[in-house]
Amino acid sequence: MAKFDGVIGQELLTVEEKEGEVVLIFRDNRYIFVRLVDGKLVTESVPE
């Protein structure tokens, strides 16, 4: 998954649980949002 190559080796600072999603926050100010949509995991990376 080349989409997540930018976070390989980056330190994970925080994991936040919100209503219907989990947010992974990395040291280099990258965020990965993980949510369940129609029974499938959907991810979004900011910045991509």
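Our structure is the block above this text.
So, how was this worked out
Residues numbered from 1 in each chain as written. Predicted model: local features only at pLDDT ≥ 70, side-chain atom pairs only at ≥ 80, totals over all residues. Heavy atoms only, no water. Salt bridge = Lys/Arg side-chain N within 4 Å of Asp/Glu carboxyl O. Helix = DSSP H or I, 4+ residues; strand = E, 2+ residues; numbered from the N terminus. Buried < 20%, exposed > 50% of the residue type's maximum accessible area, 1.4 Å probe, protein only.

## Details of the pattern of salt bridges
Phase 1 of the analysis: For the structure shown, the criterion picks out five salt bridges.
Phase 2 of the analysis: Where E11 meets R27, a salt bridge forms, and the shortest distance between an N and an O atom there is 3.0 Å. Placement of E11 in the segment before strand 1 (12-18) and of R27 in the loop between strand 2 (21-26) and strand 3 (31-37) is noted, with a sequence separation of 16 residues between them.
Phase 3 of the analysis: Taking the relative accessible area as the measure of exposure, E11 reaches 43% and is therefore partly exposed.
Phase 4 of the analysis: Given the relative accessible area of 52%, R27 is considered exposed.
Phase 5 of the analysis: Ionic pairing is found between E44 and R35, a salt bridge with its closest N-O pair at 3.7 Å.
Phase 6 of the analysis: Given a relative accessible area of 35%, E44 falls into the partly exposed group.
Phase 7 of the analysis: Classification of R35 by relative accessible area gives partly exposed; the value is 25%.
Phase 8 of the analysis: Connected through shared salt-bridge partners, E21, R35 and E44 make up one network.

## A few points about unusual backbone geometry
Phi is mostly negative for residues that are not glycine, and the peptide bonds are mostly trans.
Phase 1 of the analysis: With an omega dihedral of -15 degrees, the bond running from V46 to P47 counts as a cis peptide bond.
Phase 2 of the analysis: Look at N29: it is not a glycine, yet its phi comes out positive at around 65 degrees.
Phase 3 of the analysis: Relative to the helices and strands, N29 is located in the loop between strand 2 and strand 3.
Phase 4 of the analysis: The residue D38 is not glycine, and still its phi comes out positive at about 50 degrees.
Phase 5 of the analysis: Looking at the secondary structure, you find D38 in the loop between strand 3 and strand 4 (40-46).
Phase 6 of the analysis: Here D38 falls in the exposed class, since its relative accessible area comes to 77%.

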